[in-house]
Amino acid sequence: MINLDYTNHRIIGVQRINNELFELTLERSGMEFTPGDCVALYTDTDKSRPYSIASGANADTLSFIIREMEGGEVSPWLAARQLGETVRITPPFGWFRPGQDIGDAPFTFIATGTGISPFLSYRDTFEKPPEHCLYGVRRKADAFGFDRLQNWCPTQLAVSRENPASQHHGRVTDLLDTLPLDHDTHYYCCGLESMVNEVGDWLQNRGIQLMNIHREVFFHG
Ligand SMILES: Cc1cc2nc3c(=O)[nH]c(=O)nc-3n(C[C@H](O)[C@H](O)[C@H](O)COP(=O)(O)OP(=O)(O)OC[C@H]3O[C@@H](n4cnc5c(N)ncnc54)[C@H](O)[C@@H]3O)c2cc1C
């Protein structure tokens, strides 16, 4: 049964990361969740979209990394909110459980853009790091959380629309050949649909079982 106990959460931060991305921080108000969970955020005209929680399960606040979509119904409205206002949200939901429910098996994270959020939540909740993390962004400035990830596990960044000196210039899927391939490993892919599908096909073509490939699509295309 779906739990329809929506709650209003006070906004305690709307922090611009760059001209497209921002971090929205809400009072947690006792909400329990598991890394990988999303909530739907509502506008004042009852439009809603799901957003993945980026903060750790033990943090005092709930945070989200949001890409403001030009002409969008919900993300520009969220970007324009002021401190002290409230946002209505659903209880957490989700099936994507990075690094969880797999016993001692090794695991790998692969993200594009704001698809890094569930992995940041995992990182701030659990001790065991992934064996590898691949992170694809358009511009280096979009790589929110990259330094924290890099200091925690082997992390490679792919930047598609710039050519930064020390990172791969191109798509994150160019880096798949650098991943350790192992039939026990679980692979968690999150972000753009085309990346998630391409990674899934690539892994399956190399004999990785479907049950070891976990997907969460944020954006179609
Ligand atoms: C499970 C889940 C979790 C999600 N978590 C996050 C999250 O943590 N952070 C986050 O930023 N988003 C996340 N999303 C996406 C989010 O739910 C919205 O779809 C997004 O914010 C756009 O909503 P909007 O109302 O602003 O734009 P909409 O009104 O839905 O669309 C605005 C315009 O953008 C276009 N558009 C749609 N996708 C793209 C694209 N990839 N590139 C260019 N244009 C596009 C549409 O065609 C439309 O013209 C998640 C989605 C899902 C399904």
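Note that the structure is predicted; figures quoted are calculated from it, not measured.

Quick notes on the domain arrangement of the chain
(1) Moving on: When cut into domains, the chain gives domain 1 (7-89) and domain 2 (107-219).
(2) Moving on: Here the C-alpha centre of domain 2 lies 23 Å away from the C-alpha centre of domain 1.
(3) Moving on: Here the side of domain 1 that touches domain 2 gets four residues from one element, more than from any other, and that element is strand β5 (residues 61-67).

Notes on the site of the ligand
(1) Moving on: Around the ligand sit 21 residues, and of these Arg49, Gly72, Val74, Ser75 and Phe219 come closest.
(2) Moving on: Counted by class, the shell around the ligand contains ten nonpolar, seven polar and four charged residues.
(3) Moving on: When we break the shell around the ligand down by domain, the ones giving at least three residues each are domain 1 (7-89) and domain 2 (107-219).

Notes on helix α4 (residues 193-205)
(1) Moving on: With 13 residues, α4 should reach 18 Å at 1.5 Å per residue; the first-to-last C-alpha distance of 18 Å fits that figure.
(2) Moving on: Of the positions making up α4, those classed as buried are Met195, Val196, Val199 and Leu203. One side of α4 carries all its buried residues, which in axial view fall inside an arc of 100°. Exposed side chains of α4 directed beyond 90 degrees from the buried face belong to Asp201 and Asn205.
(3) Moving on: Looking at the buried residues of α4, the elements they touch are β7 (107-112), β8 (132-137), β11 (186-192) and β12 (213-219).
(4) Moving on: Two residues or fewer after α4 comes Gly207, characterised by a positive phi angle close to 90°.

Criteria and cut-off values
- Residues numbered from 1 in each chain as written.
- Predicted model: local features only at pLDDT ≥ 70, side-chain atom pairs only at ≥ 80, totals over all residues.
- Domains from an automatic or database assignment.
- Helix = DSSP H or I, 4+ residues; strand = E, 2+ residues; numbered from the N terminus.
- Near = placed C-beta within 6 Å.
- Nonpolar A, V, L, I, M, F, W, Y, C, P; charged D, E, K, R; others polar.
- Expected span 1.5 Å × (residues − 1).
- Buried ≥ 20, exposed ≤ 12 C-beta atoms within 10 Å, placed from the backbone.
- Arc of directions from axis to C-beta.
- Contact = placed C-beta atoms within 7 Å.

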